Amino acid sequence: MPHALLVSGSLGQGHDVMARACADSLEARGWTTSTVDAMALLGQRAGNAGEAVFRRLLDLPGVYDAFHFSALRPGARIALLADAAARRRLVPAVRALLAEQRPELVVSVFATATSAVNRLRGDPPAFRHLVLCTDVTPHRLWVQDGTDLFLVTSEVAACGVRRYRPDAPVAVLPAPLRAPFYRPPSRAEARERLGLPPDARCVLLMSGAWGLGPLARTAAELADAGPHVLAVAGSNTELERRLRHAATRRPRLHPFGWTDRVPALMAAADLVVTSSGDTCSEARALGRRLLLLDVVQGHGRDNLQHELELGHADVVSARPAEVVRSALAALTRPEPPPSPGATPDGWRTGFAAALERVGLASQGRGAATAAAD
């Protein structure tokens, strides 16, 4: 059977979700897959240092904005030097993986990996290379010479790719969702499972896997204002501790740490308060209104503006009192319809067409047919 190598990155959860979507689609077509973490391939010390630096940049107001818009976006020398340093570490590790697995396809869903993968393609190339980016404006390091096809989720993003490669092959696909979001429970079913009143106002509060922003204070003040609040800390254990402490005195505050119940939590909610990112596509698939926290610098600013343009969304700072005021107002607005494009067929059809464009569709079908025979 044909084999694909998927290169993800452990900065947040979104990259892994996209890698899983690609793997599921490939495996359904008869491929085998493996997924690796580019941050881990950098080595433990370099990978940990890279994550620490990224977190610190996000913590300092305006610093990551400055780096993103003045360095990553235009491809300034400092950004290219950082990419070259990462590439020197990644190339030996990626070369070993390619030699061991001999994939027909490599899919990069993390910008740090793209130049290292392209450096190892050879002439003629031994594999096809796809890059999947769900940001509305991919920065310079996403767009490298040698990539066979760029997969994006909006026409704006396609223009962003062509900023750096005017002749770049680009495919616009619906954003893939985790499987449970294609078949969520009804609001009544979700509330019954969670022990929530069927007619109460309910807000889902989350901010990425890292729980960015003052979510504990926000959750407490929002619960004090009347709605039931489903507050998700993600991998932020300190935030989870603070949420659970606040919940001891607030019966309408329901804390969660790292959980796979987000589809049910979202189905139960009337409003989703979150940072800009892939969660927005999930909320739209369920027909939930969005209140966007302006907490993610750099690419997060672009993604936020795009979500506002799509409609059924508002924006607010991360200051708890302002979030409460905006959330209470948003709860009075009409509920949007579910996104009509939020079906598994949309993503699968687009991804299959992408494979066909790079000459790989017949391999997957042939392997699947052989396996069935």
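For the structure, see preceding data.
Residues numbered from 1 in each chain as written. Predicted model: local features only at pLDDT ≥ 70, side-chain atom pairs only at ≥ 80, totals over all residues. Heavy atoms only, no water.

Describing the environment of Ala 223
Its place among the elements puts Ala 223 in helix H9 (residues 215-224). Judged by its relative accessible area of 2%, Ala 223 is buried. (Helix = DSSP H or I, 4+ residues; strand = E, 2+ residues; numbered from the N terminus. Buried < 20%, exposed > 50% of the residue type's maximum accessible area, 1.4 Å probe, protein only.)

What to know about the pattern of salt bridges
A side chain with one charge may pair with a side chain of the opposite charge, provided their charged atoms come close. Applying the stated criterion across every chain, the model contains 20 salt bridges. As a salt-bridge pair, Asp 314 and Arg 289 come within 3.2 Å of each other at their nearest N and O atoms. Of this pair, Asp 314 sits in strand S12 (residues 313-316) while Arg 289 is found in strand S11 (residues 289-293), placing the two residues 25 residues apart along the sequence. Asp 314 is the salt-bridge partner of Arg 333, the closest N and O atoms lying 3.0 Å from each other. Taken together, the residues Arg 333 in the loop between helix H14 (320-330) and helix H15 (344-357) and Asp 314 in strand S12 connect sequence positions 19 residues apart. Taken together, the shared-partner salt bridges connect Arg 187, Arg 191, Asp 270 and Glu 335 into one network. (Salt bridge = Lys/Arg side-chain N within 4 Å of Asp/Glu carboxyl O.)

Quick word on the nonpolar core
Formed by 60 residues in total, the largest nonpolar core has its most connected members in Val 229, Leu 253, Leu 271, Val 273 and Leu 293. Ranked by residue count, the leading element in this core is helix H5 (residues 77-101), at 7 residues. Not counting chain neighbours up to four residues away, the residues in contact with Val 273 comprise Val 203, Leu 204, Leu 205, Met 206, Leu 291, Leu 293 and Val 323. Among the nonpolar cores identified, the runner-up in size contains 26 residues, and Cys 202, Val 262, Leu 286 and Ala 313 belong to it. (Core = buried A, V, L, I, M, F, W, Y, C linked by side-chain atoms within 4.5 Å. Contact = heavy atoms within 4.5 Å.)

Looking at H9
Structural remark: α-helix, 3.6 residues per turn; residues separated by three or four positions point the same way. Here H9 lies mainly inside the structure; 7 of its 10 residues are buried. Restricting attention to buried positions, one finds in H9 the residues Leu 215, Ala 216, Thr 218, Ala 219, Ala 220, Leu 222 and Ala 223. Check the buried side of H9 and you find it contacts strand S7 (202-205), strand S8 (228-232), helix H10 (237-247), strand S9 (253-256), S11 and H14. Positive backbone phi, at 130°, marks Gly 226, one or two positions downstream of H9.

A few points about the sheet that holds strand S2 (residues 32-37)
Pairing in this open sheet of 6 strands is parallel, and the strands run S2-S1-S3-S4-S5-S6 from one edge to the other. Edge strands, defined here as strands with exactly one partner in the open sheet, are S2 and strand S6 (170-172). Between one strand and the next, the sheet's axes are offset by a mean angle of 20°, whatever the strand orientation. The pairing of strand S5 (residues 149-152) with S6 spans 3 bridges and is classified as parallel. Across the sheet, Val 152 pairs through a bridge with Val 172, a residue of S6. Each of strand S1 (3-8), S2 and strand S3 (105-108) is contacted by H5, which is oriented at about 160° to S1, the strand it contacts most. Contacting S5 and S6, helix H7 (residues 155-164) runs over the sheet at an angle of about 170° to S6. (Pairing = 2+ DSSP bridges. Axes fitted to C-alpha atoms, helices over the stretch in contact; angles between N-to-C directions.)

What about helix H12 (residues 278-286)?
Among the 9 residues in H12, 7 count as buried, and that is most of the element. Residues of H12 that are buried sit in contact with helix H11 (262-268), strand S10 (271-275), S11, helix H13 (299-310) and S12. Taken from the residues just after H12, Gly 287 is the one with a positive phi, measuring 75°.

Structural notes on the sheet that holds S7
The strands making up a sheet associate through hydrogen bonds between their backbones, and the pairing can be parallel or antiparallel. Spatial strand order, S9-S8-S7-S10-S11-S12: 6 strands in an open sheet with parallel pairing. The strands lining the two open edges of the sheet, one partner per strand, are S9 and S12. Looking at each pair of strands side by side, their axes are set apart by 20° on average, direction ignored. As paired strands, S7 and S10 are joined by 3 bridges and run parallel to one another.

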